[in-house]
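# Understanding the architecture of this molecule
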Amino acid sequence: MRNAFFLGVVLVIPLAVLIALLYSLGRFLWSVFRDLRLYRELDQIQAESKARQQKKQEENARRLDNGCEHCFDSALGGFPPGVCPRCGLAEEKPPGRCDHVWRRKEGPALGSFCEKCGKHYRSEA
């Protein structure tokens with residue numbers, strides 16, 4: 001009886017350790033598979049983002065190609081920052097529906113308005 005018990009213990013303990021190792025290996029392989037799948041999705045998202053960014057830059061370049069020699073660093077005359085005072089277009093397309101075309105307001109106060117949507121900008125200087 002004693003021999004049978006010790007024989008059982010000697011066989012069960014290595015078998016339990018082997019099963020635990022196989023279980024750990026399976027969990028490790030599953031996590032590696034999941035990570036690879038996530039990295040593939042991340043690469044796809046980054047590629048789509050880069051394509052959208054390039055498309056946006058190309059659209060912005062076409063939008064600014066109107067024959068004007070743009071001067072975006074000057075905010076003279078009450079124009080918003082980043083707007084060309086010659087043609088009234090902003091360096092980057094503003095968020096929203098309207099691609100503002102700014103014109104000077106007449107009068108003593110410095111300011112401008114969008115000729116498309118009528119939005120006003122008042123200069124603080």
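Reference entry: report on the structure contained in this document. (Residues numbered from 1 in each chain as written. Predicted model: local features only at pLDDT ≥ 70, side-chain atom pairs only at ≥ 80, totals over all residues. Heavy atoms only, no water.)

### Topic: the state of the cysteines
We apply this condition: The disulfide criterion used throughout: a pair of cysteine sulfur atoms within 2.5 Å.
For the coordinates displayed, the defined rule picks out zero disulfides. Just so you know, cysteine 114 is unpaired, no disulfide at all, and the nearest cysteine sulfur is the one on cysteine 98, 3.7 Å from it. Between cysteine 117, a cysteine without a disulfide, and cysteine 114, which holds the nearest cysteine sulfur, the sulfur-to-sulfur distance is 3.7 Å.

### Digging into the sheet that holds strand 3 (residues 120-122)
What counts here: Strand pairing is defined by DSSP finding a minimum of two bridges between the two strands. In this description a helix means any DSSP run of H or I spanning at least four residues, a strand means any run of E spanning at least two, and both kinds are numbered starting from the N terminus. Axis definition: a line fitted to C-alpha atoms, over the contacting stretch in the case of helices. Angles run 0 to 180 degrees between N-to-C directions.
The strand order across the open sheet built from three strands is 1-2-3, with neighbouring strands paired in antiparallel fashion. Lying at the two open borders of the sheet, with one neighbouring strand each, are strand 1 (102-104) and strand 3. The mean angle between the axes of side-by-side strands here comes to 30°, regardless of whether they run parallel or antiparallel.

### Quick look at the side chain of asparagine 60
Condition: Burial status follows relative accessibility: with a 1.4 Å probe on protein chains alone, a residue under 20% of its type maximum counts as buried, one over 50% as exposed, and anything between as partly exposed. Throughout this description, a polar contact denotes any pair of N or O atoms lying within 3.5 Å of each other; where both atoms belong to protein, one of them has to be capable of donating a hydrogen while the other can accept it, and for residues adjacent in sequence the pair is counted only when both atoms sit in side chains. Contacts were defined at the residue level, with two residues in contact if any of their heavy atoms lie within 4.5 Å.
Tracing the backbone shows asparagine 60 in helix 1 (residues 2-64). Since its relative accessible area comes to 13%, asparagine 60 is described here as buried. A polar atom in the side chain of asparagine 60 sits 3.0 Å from the side chain of arginine 63. Aside from chain neighbours lying at most four places away, what touches asparagine 60 is Glu91, Glu92 and Lys93.

### Focus on the environment of alanine 16
Looking at the secondary structure, you find alanine 16 in helix 1. Separated by 44 residues in sequence, alanine 16 and asparagine 60 have C-alpha atoms that sit 65 Å apart.

### Structural notes on the pattern of salt bridges
For the record, the criterion: The term salt bridge refers to a side-chain nitrogen of Lys or Arg lying within 4 Å of a carboxyl oxygen of Asp or Glu.
Under the defined criterion, the tally for this structure stands at two salt bridges. Linking aspartate 99 and arginine 63 is a salt bridge whose minimum nitrogen-to-oxygen distance equals 2.9 Å. Within this pair, whereas aspartate 99 is found in the loop between helix 1 and strand 1, its partner arginine 63 is found in helix 1, the two being separated by 36 residues in sequence. Judged by relative accessible area, which is 13%, aspartate 99 ranks as buried. For arginine 63, a relative accessible area of 16% gives the class buried. Between glutamate 115 and arginine 103 there is a salt bridge, with the nearest N and O atoms lying 3.1 Å from each other. Of this pair, glutamate 115 sits in the loop between strand 2 (111-114) and strand 3 while arginine 103 is found in strand 1, placing the two residues twelve residues apart along the sequence.

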